[in-house]
Structure formats: C-alpha cells, structure tokens
Amino acid sequence: MELGRDILFLEKVFLRRAPAALRGVELFNIQLLRDLHALGHRIAVPAHPSWRAVFAAQFAGLDRLAFRYGARRGGALNLAAWAWWIARGPRRDLLLLGNVGNLLVPLVRTARCFRKASRYVLIAHRETSPRFLAALQGWAGAIVAVNGKIAEPFRAAGCPEVHVDYGIMNADRFFPRAEAAADAAPVRFCVVGMLDNAWKGADTATAAFRAMPEAARRRCELHLASYSEPPRFEEPNIIALPWMPASEVPAWLRTMDVMLCPSRDEVVMRETFSQAVVQGMLSGLPVLASDLPIFREKLDGGGGAVFTDVADFAAKMTALVNDPALRARQGREGRATALARYVWDTARFARRYFG
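None of these values were measured; they are calculated from a predicted model.

A.B. asks: Which parts of the structure should I look at to understand the overall build of the protein chain?
C.D. replies: Regarding its fold elements, the protein chain presents 15 helices and 13 strands. For a compact globule of 355 residues, the expected C-alpha radius of gyration is about 20 Å, and the protein chain comes in at 22 Å, within 12% of that figure. C-alpha atoms of the protein chain, sized along the principal axes, occupy 70 × 40 × 40 Å. Residue burial in the protein chain is summarised as follows: out of 355 residues, 53% are buried.

Following this line, the structure appears as structure tokens:
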C-alpha cells in the first residue's frame, strides 16, 4: 500500500452537532483520523461547525487534515453545500465511510456520480438500510463490519468484499493490575457505558446485585459508570458515577474486579460490538454478560459467562464473589481472547483494505 493517499472521510456523527461528551464511535473516529495522518495520508472531512473547537483541540498541528464546516443551522442546506463541495473538489484516491447512515447517502451518491473516488471503504458499526446499501451497489469497495449480523445484508446483496474485523483503539492502555490478595474485599462489580440509556441495562445489574444472598452482597460493591446525572441509591454499596472521561477509564478499570455487560436489544438501539467488554477483558476482568450474540462470541474461549435472567445473573455474580481463583482464571482467558481478536491497528487496516 502506498502512503500519502488523498482520502475523503464521511461520517454521519461529524455532520451533526457535536455531543456534550465524546464516547464510543466518536472517539474511535478521532483516533482513526490521527492514525491516518501519522501514516502520511491527507484527509478531507466535512463537519458541523460545532465540531470546530473539538477538532482544534484534538488535531492541533496536523496539517494534512482539512475540514469543511457547514452553517450552524444549515440542516438540509448543509448537505447540499457539502455535495457541491465534493462535486467541485478534486478526485481522491479513496472514499472512507466511518459508518452507515441515510444522512450520508446524498454525499456518497455525489462522490460516485462525479467519480470523485475510484474505491470506497466502509466501516459498518450498525446495520445498513436498503437506501444506504443501494448507494454502494456496483461500486468497488470493501465493507468492514464490526460483527457478523451487520455483515449479512452486504453479503446477501452480493458485495464482493465483506469482512468482519474490528477492535479497540489504544489497547495498550488497558492491562491488569498487579495481583491482588486472594481475600481482598470488597469485590467490585462494574457496568461501563452511557447508562442514561436504559438499554445499557444498569437496572438489570442493580436487580441482580440486590438478588444476591445478603452474605455475599455485603462483601461487594456495584459501580455504575457513568451518568450525566447519577441517580441515588439507598444502598451505600451501589455507587453511581458522573460522566467519566475516556482517559480515566483504563486506570479506573484496574480498581475493579468483575465487568458486567447487561445490555439488551431494543427496537432502535442495541450493542453492535461493545468496546466496554473488550476493555474489561484486556484489563483482566472476568465478564458476565447478557445472552446476546456479540457477547457469546467474545466469551467462547472462556473469560466469563452469559446470563439468561436476573436469578441466573445473581447466581453467577455470587459464584465469582466466592471464588477468587475463578475470577483470576477467567480474567486471564478473557485477556488472551481480546489480545488475539479485538485490538485495532490502523496501519494493518489500511494495508488490508485500501487496495
């Protein structure tokens, strides 16, 4: 692969107003742009003007990143302006799509109609719509999906290059703490994510914690990280935390003992990869997770277990409280799996998919 490619990067989160707190895919995309710049690529990025301050802080001194900001309240007019900018702009080596999304369709169609890139690469974090899929039909490119279910519609549509390949950035920041004493107390359970979202399942974790036998529960803490406005709990050992910056998460996880991932599928929101569970695995934490495909595939080599209901969840939590050796063994297994499968390397990604 040649370095110094000219890349047009389209990502729907950047076309919308910047959120108050960056997390998940937003942080991934920011680091992806940094990495691509470090590899010598030149990247053009359309963005809502509310991202201007974020980008100024995140990309200071990176001269091969160019941003095209829309109007603060442009809406559909911004899409038209960005489409015009793409149509009138130079032909680029690659169109890199940071996710699926109907918001991107007019810009994808413009790039394709005016032959502004000979190839595209899509990182699909979520399931595609028929409209978005149609915009890619018959165009040379690679789809890189974060799980098998997301890959299925692209394969069914006959897309020639469909891969399941994903991992977390900066994996070296996540590592186990020094061995703790076998009788260390309390045993700290944690749930990590934007827990204001009900589908993240903090209520399920709380219910299971309360369903544990009292003797075990007294020896534990449940840490819920985190909320924009943390709720209050009567129990002193259920601790809800305010929003935690991503930079603080690795060290904080090394103070925990067990990762809980009680997310549930809802009509419009569901886990598609769960960076949190991989961060926990890399940190050497055993994982208890909902019985969902994305969690089962991550725990198929050990590293923890899935639960089927609150009673099963509470029983598995209790078993880990009472068996430090089990916690240590599952933590080692999970870390080995995460290192083998779920570490992102942008240089490898570019070599493999940019063509």
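A.B. asks: Is there a simple way to explain the packing of aromatic side chains in this structure?
C.D. replies: To describe a pair of aromatic rings, one takes the distance between the centres and the angle between the planes. In total, this model carries 18 aromatic pairs according to the counting rule given. Arranged with centres 6.2 Å apart and planes meeting at 55°, the rings of Phe9 and Phe14 form a pair that is tilted. Its relative accessible area of 0% is what places Phe9 among the buried residues. Phe14 gets classed as buried once you look at its relative accessible area, which sits at 0%.

A.B. asks: Help me understand the environment of Leu32, please; the structure alone is not making it clear to me.
C.D. replies: Within the fold, Leu32 resides in helix H2 (residues 24–38). Distance in space between the C-alpha atoms of Leu32 and Trp344 is 9.8 Å, their sequence separation being 312 residues.

A.B. asks: Honestly, the nonpolar core in this entry has me stumped. Any pointers?
C.D. replies: One recurring pattern in soluble globular proteins: nonpolar side chains tend to sit buried together. Phe14, Leu122 and Phe154 are the most contacted members of the largest nonpolar core, which totals 94 residues. The contact partners of Phe14, leaving out residues within four places of it in the chain, are Phe9, Asn29, Ile30, Leu33, Val45, Pro46, Ala47, His48, Trp51 and Phe55. In this structure, Phe189, Cys220, Leu260 and Leu288 belong to the second largest nonpolar core, which totals 26 residues.

A.B. asks: Whenever I open this one, the sheet that holds strand E12 (residues 287–290) confuses me. Can you help?
C.D. replies: By way of backbone hydrogen bonds, the strands of a sheet pair with one another, either parallel or antiparallel. With parallel pairing, six strands are arranged side by side in an open sheet as E10-E9-E8-E11-E12-E13. Looking at strand neighbours, the two that pair on one side only are strand E10 (238–242) and strand E13 (304–307), the edges of this open sheet. Between one strand axis and the next, the sheet turns through 20° on average, direction left out of account. Across six bridges, strand E8 (residues 187–192) lies against strand E9 (residues 220–227) in parallel orientation. If you follow Phe189 over to E9, its bridge partner there is Leu222. On top of the sheet, helix H8 (residues 202–211) reaches E8, E9, E10, strand E11 (258–261) and E13; it is set at about 170° to E9, its chief contact.

A.B. asks: Hey, could you run me through the side chain of Glu26 in this one?
C.D. replies: Along the chain, Glu26 falls in helix H2. An unpaired buried charge is present at Glu26: no salt bridge exists, and Arg23, the closest side chain of opposite charge, is 5.0 Å distant. Within the local environment of Glu26, its side chain forms a polar contact with the backbone nitrogen of Arg23, the two atoms lying 2.9 Å apart. With near-sequence residues (within four places) excluded, Glu26 lies in contact with Val13, Pro19, Ala21 and Trp51.

A.B. asks: How do you make sense of the pairing of strand E5 (residues 120–124) when you look at a structure like this?
C.D. replies: Looking along a regular strand, one sees side chains alternate from face to face of the sheet. Burial analysis of E5 places five of its five residues in the buried class, the great majority of the element. Here strand E4 (residues 94–97) runs beside E5; their pairing, made up of three bridges, is parallel. Residue pairing across strands places Leu97 opposite Leu122, the latter belonging to E5. Considered for its hand, the β-α-β crossover made up of E4, helix H5 (residues 105–113) and E5 is right-handed. For E5 and strand E6 (residues 141–145), the ladder comprises five bridges, and the chain directions are parallel. The residue of E6 that forms the bridge with Tyr120 is Gly141.

A.B. asks: Which parts of the structure should I look at to understand the packing of helix H11 (residues 275–282) against helix H14 (residues 324–341)?
C.D. replies: Describing two packed helices takes the angle between their axes plus the distance from one axis to the other. Interhelical geometry of H11 versus H14 gives an angle of 120° and a closest axis separation of 7 Å. The angle between H11 and H14 falls in the class oblique. As H11 runs across H14, the sense of the crossing is left-handed. Facing Val278, Met281 and Leu282 of H11, the residues of H14 in contact are Gly331, Gly334, Arg335, Thr337, Ala338 and Leu339.

What counts as what
- Residues numbered from 1 in each chain as written.
- Predicted model: local features only at pLDDT ≥ 70, side-chain atom pairs only at ≥ 80, totals over all residues.
- Heavy atoms only, no water.
- Helix = DSSP H or I, 4+ residues; strand = E, 2+ residues; numbered from the N terminus.
- Rg over C-alpha atoms; globule rule 2.2 N^0.38 Å.
- Buried < 20%, exposed > 50% of the residue type's maximum accessible area, 1.4 Å probe, protein only.
- Phe/Tyr/Trp six-rings, centres within 6.5 Å; stacked < 30°, edge-to-face > 60°.
- Core = buried A, V, L, I, M, F, W, Y, C linked by side-chain atoms within 4.5 Å.
- Contact = heavy atoms within 4.5 Å.
- Pairing = 2+ DSSP bridges.
- Axes fitted to C-alpha atoms, helices over the stretch in contact; angles between N-to-C directions.
- Lys, Arg positive; Asp, Glu negative; His and termini not counted.
- Salt bridge = Lys/Arg side-chain N within 4 Å of Asp/Glu carboxyl O.
- Polar contact = N/O pair within 3.5 Å; in protein donor to acceptor, adjacent residues only side chain to side chain.
- Right-handed = clockwise from strand over helix to strand, strands pointing away.
- Parallel < 35°, antiparallel > 145°, perpendicular 65-115°, else oblique.
- Left-handed = near helix turned anticlockwise from the far one by under 90°.

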